[in-house]
Amino acid sequence: MKTHTDYLFITTKQQKEIINITSEVEAVVNKSGVKEGMVLVSAMHITASVFINDEEPGLKEDFLKWLEELAPVNPSYKHHQTGEDNADAHLKRTIMGREVVVAITKSQLDFGPWEQIFYGEFDGQRKKRIVVKVMGE
Amino acid sequence: MKTHTDYLFITTKQQKEIINITSEVEAVVNKSGVKEGMVLVSAMHITASVFINDEEPGLKEDFLKWLEELAPVNPSYKHHQTGEDNADAHLKRTIMGREVVVAITKSQLDFGPWEQIFYGEFDGQRKKRIVVKVMGE
Amino acid sequence: MKTHTDYLFITTKQQKEIINITSEVEAVVNKSGVKEGMVLVSAMHITASVFINDEEPGLKEDFLKWLEELAPVNPSYKHHQTGEDNADAHLKRTIMGREVVVAITKSQLDFGPWEQIFYGEFDGQRKKRIVVKVMGE
């Protein structure tokens, strides 16, 4: 049995931004030497997400607009009484999810035709970290 | 350490439909021979979900109605400028989740009394695929 | 390869409540002896969640208020025709998620600075169960 751990570092240009990290995750899986197993890809910050969807710029805009409707920026969150101003980002990340687990089969991410891995940042412009943990044989 | 990979194929009759796949997943786990470990069950298409909830027809209707409220069919999504018409399905799948990871204990899915695994299709009537990856010993 | 299985039992005082279970999960990981691997932490009931966010009381209130907006208590759910009255709890749990998978690195939960594990109960005041499954070496 093999395990392999790596970290990706991302500083987004925008406060809210969706970034394709598929090739970075593939590089970690290749480096691990695991042929059959699973890889966990997880945001290490609680206002950011890792999720799987489609690489299409219009859809990324749709996601950000929709998240703003479901979990709007709003000064009245209780969390803001601590001095924070990012409660909406905690809620947005919850909708999109913290992590994905992907099957590794024959040394590849075992993906359907359109699956791509994204980092979703909702309180960015700061250095953030993603953990990539590979386990298998 | 053992790994085992299998695929389920589903063509729904309806465009949006929720289908119980628990017994199919159990069959894959049995076939794998894994006694202690984990199984990943994941939609391989980005307008579909795998999730765990209750086998109750009324609740399935509630889920579909609720998803239509949170992520409605709407011609104004940016994604539709590509010629697609299924942006709502990408959003609905995001609410319901792409994948589940289930513990395997004593050769069984280690489930509470009501847990059942479902495939949620939001842009169906086409052949779709689910990956089932078992890992353990 | 090692696996280890444990269960946490929780009876919440409130019907809807968010409880920090990080130290209980850490105790199970320590007991497992796994140095490198993954831990699955999963609600075994379909009206409850396990999720990762921030230990901040105001944010917990924000989560519960926000869930009430997205998935309100409402007598008109179809699920209630069975005699149940908790359809909202099934929907709330879906937003928050059923399970988390956390990397274990050097015998520790491989967490960012603010990550904490929570049990989210949406139909409580009854004894509920969480499965903690550790796998690795």
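Look above for the structure.
This text gives an overview of the structure that appears in the document. (Residues numbered from 1 in each chain as written. Chains lettered and ligands numbered in written order. Predicted model: local features only at pLDDT ≥ 70, side-chain atom pairs only at ≥ 80, totals over all residues. Heavy atoms only, no water.)

**Concerning the interface of chain A and chain B**
Part 1 of the argument: The interface is formed by 33 residues belonging to chain A together with 30 residues belonging to chain B.
Part 2 of the argument: Across the interface of chain A and chain B, roughly 2,600 Å² is buried in total on both sides, 63% from carbon and sulfur atoms.
Part 3 of the argument: Inspection of the region where chain A meets chain B yields three salt bridges.
Part 4 of the argument: The interface formed by chain A and chain B contains 13 residue pairs in polar contact (both at pLDDT 80 or more).
Part 5 of the argument: Within the side of chain A that touches chain B, the residues separate by chemical class into 18 nonpolar, six polar and nine charged. (Contact = heavy atoms within 4.5 Å. Buried area = accessible area lost by both parts, 1.4 Å probe. Salt bridge = Lys/Arg side-chain N within 4 Å of Asp/Glu carboxyl O. Polar contact = N/O pair within 3.5 Å; in protein donor to acceptor, adjacent residues only side chain to side chain. Nonpolar A, V, L, I, M, F, W, Y, C, P; charged D, E, K, R; others polar.)

**Some details on the relation of the copies chain B and chain C**
The relation between the two chain copies is a rotation about an axis coupled with a shift along that axis.
Part 1 of the argument: The transform that puts chain B on chain C rotates by 120 degrees and translates by 0.0 Å along the axis, for an RMSD of 0.0 Å. Both copies are brought into coincidence by an operation consistent with a three-fold rotation axis. (Least-squares fit on C-alpha atoms with pLDDT ≥ 70 in both.)

**Points about the pairing of strand β3 (residues 37-43) of chain A**
Residues and elements named next belong to chain A.
Part 1 of the argument: Counting buried positions over the seven residues of β3 gives seven, a clear majority of the element.
Part 2 of the argument: Neither face of β3 is exposed, since Gly37, Val39, Val41 and Ala43 on one face and Met38, Leu40 and Ser42 on the opposite face are all buried.
Part 3 of the argument: With six bridges connecting them, β3 and strand β5 (residues 99-105) associate as antiparallel partners. Across the sheet, residue Leu40 finds its bridge partner in β5, namely Val101. (Buried < 20%, exposed > 50% of the residue type's maximum accessible area, 1.4 Å probe, protein only. Helix = DSSP H or I, 4+ residues; strand = E, 2+ residues; numbered from the N terminus. Pairing = 2+ DSSP bridges.)

**Some words on the interface of chain B and chain C**
Accessible area lost during the coming together of the parts is what is often quoted as the interface size.
Part 1 of the argument: Between chain B and chain C, the residue contacts involve 33 residues of the former and 30 residues of the latter.
Part 2 of the argument: Of all residues in chain B, B:Met38, B:Asp62 and B:Trp66 give up the largest surface area on contact with chain C, accounting jointly for 22% of the area buried on that side.
Part 3 of the argument: Where chain B touches chain C, the interface holds three salt bridges.
Part 4 of the argument: With a closest N to O distance of 2.8 Å, C:Arg98 and B:Glu115 form a salt bridge.
Part 5 of the argument: Linking chain B with chain C are 13 residue pairs in polar contact (both at pLDDT 80 or more), by the criterion used here.
Part 6 of the argument: Those elements giving two or more residues to the side of chain B that touches chain C turn out to be β3 (37-43), β4 (48-53), α2 (57-70), α3 (87-96), β5 (99-105) and β8 (127-136) of chain B.

**Thoughts on the pattern of salt bridges**
Residues and elements named next belong to chain B.
Part 1 of the argument: Under the defined criterion, the tally for this structure stands at 33 salt bridges over all chains.
Part 2 of the argument: Between Glu99 and Arg98 there is a salt bridge, with its nearest N and O atoms 2.4 Å apart.
Part 3 of the argument: Take Glu99: its relative accessible area is 13%, and that puts it in the buried class.
Part 4 of the argument: The buried category is assigned to Arg98, whose relative accessible area is 7%.

**A short note on the packing of aromatic side chains**
All names here are of chain A.
Part 1 of the argument: One pass over the structure, following the stated rule, counts nine aromatic pairs over all chains.
Part 2 of the argument: Joined through ring pairs, the aromatic side chains of Phe51, Phe63, Trp66 and Phe118 make up one cluster.
Part 3 of the argument: If you follow Arg129 out to its NZ or CZ, it ends over the ring of Tyr7, 5.1 Å from the centre. (Phe/Tyr/Trp six-rings, centres within 6.5 Å; stacked < 30°, edge-to-face > 60°. Lys NZ or Arg CZ within 6 Å of the ring centre and 35° of its normal.)

**Let's talk about the sheet that holds strand β6 (residues 108-109) of chain A**
Residue and element names in this part refer to chain A.
Part 1 of the argument: The strand order across the open sheet built from five strands is β1-β8-β3-β5-β6, with neighbouring strands paired in antiparallel fashion. A single partner strand is all that each edge strand has here, and the edge strands are β1 (2-11) and β6.
Part 2 of the argument: Two strands pair when backbone bridges link them, and β1 and strand β8 (residues 127-136) are joined in this way by ten bridges, in the antiparallel orientation. By the bridge assignment for β8, Tyr7 is matched with Val131.
Part 3 of the argument: Contacting β1, β3, β5, β6 and β8, helix α1 (residues 22-32) runs over the sheet at an angle of about 155 degrees to β1. (Axes fitted to C-alpha atoms, helices over the stretch in contact; angles between N-to-C directions.)

**So, the packing of helix α2 (residues 57-70) of chain A against helix α3 (residues 87-96) of chain A**
All names here are of chain A.
Part 1 of the argument: Running from N to C, α2 and α3 cross one another at 120 degrees; their axes reach a closest spacing of 10 Å. Comparing their axes, α3 and α2 come out oblique. The way α2 lies across α3 gives a crossing that is right-handed. Mapping the contact onto sequence places Phe63, Trp66, Leu67, Glu68 and Leu70 in α2 and Lys92, Ile95 and Met96 in α3. (Parallel < 35°, antiparallel > 145°, perpendicular 65-115°, else oblique. Left-handed = near helix turned anticlockwise from the far one by under 90°.)

**Structural notes on the pairing of strand β8 (residues 127-136) of chain C**
Two faces belong to every sheet, and in a regular strand the side chains alternate between them.
Residues and elements named next belong to chain C.
Part 1 of the argument: Of all ten residues making up β8, eight are buried, and the element is well covered by its neighbours.
Part 2 of the argument: With seven bridges connecting them, strand β3 (residues 37-43) and β8 associate as antiparallel partners. Its bridge partner lying in β8, Ser42 is registered against Val131.

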